[in-house]
Amino acid sequence: MDRAWTYHVRARSHREETSLRSAFSPRRYLMCPPTYFKVTYSINPWMDPSKPVDLPLALAQWEDLRDRYRALGHTVEVLAPRPDLPDMVFAANGATVVDGRVLGARFAHPERTAEAAVHREWFRSHGWTEVQDPVHINEGEGDFAVTDSWLLAGRGFRSSPLSHPEAQEFFGRPVIGLDLVDPRYYHLDTALCVLGGEDVMYYPAAFSPGSRAVLERLFPDAVIARERDAASFGLNAVSDGHHVLLPQAALGLFEPLRERGYEPIGMDLSELLKGGGSVKCCTMELRSA
Ligand code: ARG
């Protein structure tokens, strides 16, 4: 490499260099309103069926998120909720969509099993032609995250390790398997968020030592979340390459995001947190070819 050029690149400030990486692009999302949201069973440590849910508030918070996406220039498609499926509001779990190809979900818990077919049906009736029924358990974007180079894939609580080679084969993208070890962070999207390109933020303690070492190697400049912000679901965020929508309680993440050239936007999804989800769980990204 030319020496002068190397020097020039190194001399650029961190802020300049990283803001080059974060570029806004309009996205297409699939969301499902919490019309029938309730907490009647407990399949993650956040769900306490004895705690009441304020349904009108849950709906208002969800509408806020939907409207915010639209105001930012994104398209939001809406999936019709089903009365017998109270967790359907967590639309991110219903499939994984990359390059216009849809890998359906297969849920770990019987309470959510029927959601997978509702999602696949939506895709098939909306013109998506490459829709695959999975063989192995995978909870969609709950456990799969897409960077420019990799498909990051969580395992340990929900998605089967066998779903990783299945996704690699289907999408033709290299999968990096990551072991989740803390039941509070049972899906990858509760512990890690892709901000854009190869830029991520994550909470190291949610991962096994080996997976932590993999993350450090792949993403040496990552934003590292502290426990308080991770426990506020701060990593359950959605980035369009510039705006990062995240729970407003995750205050410690705002400044590091700004320093890297992102614009954090705090959202209040307190009612949905009672189901163990927040911004990202409510949002599936429809990535076209
Ligand atoms: N109650 C749901 C479950 O335990 C919450 C899912 C949250 N979704 C997510 N993408 N992390 O399955």
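Residues numbered from 1 in each chain as written. Predicted model: local features only at pLDDT ≥ 70, side-chain atom pairs only at ≥ 80, totals over all residues. Heavy atoms only, no water.

Visitor: I tried to follow empty space enclosed by the protein on my own but got confused; where do I start?
Guide: Rolled over the atoms, a probe sized like a water molecule indicates the empty space that remains. Scanning all chains against the criterion turns up two cavities of 30 Å³ or more. Taken as a whole, the largest cavity spans an internal volume of roughly 60 Å³. What lines the largest cavity is a set of 14 residues, among which Asn44, Phe90, Arg112, Tyr186 and Gly275 lie closest to the centre. When the residues that make up the lining of the largest cavity are grouped by side-chain class, the tally is five nonpolar, six polar and three charged. (1 Å grid on protein atoms, 1.4 Å probe; cavity = no way out; pocket = protein on both sides within 12 Å on 5 of 7 lines; lining within 4 Å. Points joined across faces, edges and corners; volume = space filled by probe spheres on them. Nonpolar A, V, L, I, M, F, W, Y, C, P; charged D, E, K, R; others polar.)

Visitor: Please explain the packing of aromatic side chains as it appears in this structure.
Guide: We describe a pair of aromatic rings using the distance from one ring centre to the other and the angle between the two ring planes. Taken as a whole, this structure holds eight aromatic pairs when the rule is applied. When the ring of tyrosine 185 is compared with that of tyrosine 203, the centres are 5.3 Å apart and the planes differ by 65 degrees; the resulting orientation is edge-to-face. Within this pair, whereas tyrosine 185 is found in the loop between strand 8 (175–179) and strand 9 (192–196), its partner tyrosine 203 is found in the loop between strand 10 (199–202) and helix 6 (209–218), the two being separated by 18 residues in sequence. Between tyrosine 202 and phenylalanine 207, the ring centres sit 6.2 Å apart and the planes meet at 85 degrees, which makes this aromatic pair edge-to-face. Comparing tyrosine 202 with phenylalanine 207 shows no difference in burial state: the two are buried. (Phe/Tyr/Trp six-rings, centres within 6.5 Å; stacked < 30°, edge-to-face > 60°. Helix = DSSP H or I, 4+ residues; strand = E, 2+ residues; numbered from the N terminus. Buried < 20%, exposed > 50% of the residue type's maximum accessible area, 1.4 Å probe, protein only.)

Visitor: Sorry, what's going on with the sheet that holds strand 8 here?
Guide: Backbone-to-backbone hydrogen bonds join strands into a sheet, with any given pair of strands oriented parallel or antiparallel. Spatial ordering of the open sheet is given by 6-7-8, a layout of three strands whose pairing is mixed. The two strands at the open ends of the sheet, each matched to only one other strand, are strand 6 (144–146) and strand 8. Taken over all neighbouring pairs, the strand axes of this sheet differ in orientation by 25 degrees on average, direction set aside. Judged from the three bridges that link them, strand 6 and strand 7 (residues 151–155) form a sheet pairing that is antiparallel. Paired with phenylalanine 144 across the strands is alanine 153, a residue of strand 7. Packing of helix 5 (residues 163–171) onto the sheet brings it into contact with strand 6, strand 7 and strand 8, and relative to strand 7 it is tilted by some 160 degrees. (Pairing = 2+ DSSP bridges. Axes fitted to C-alpha atoms, helices over the stretch in contact; angles between N-to-C directions. Contact = heavy atoms within 4.5 Å.)

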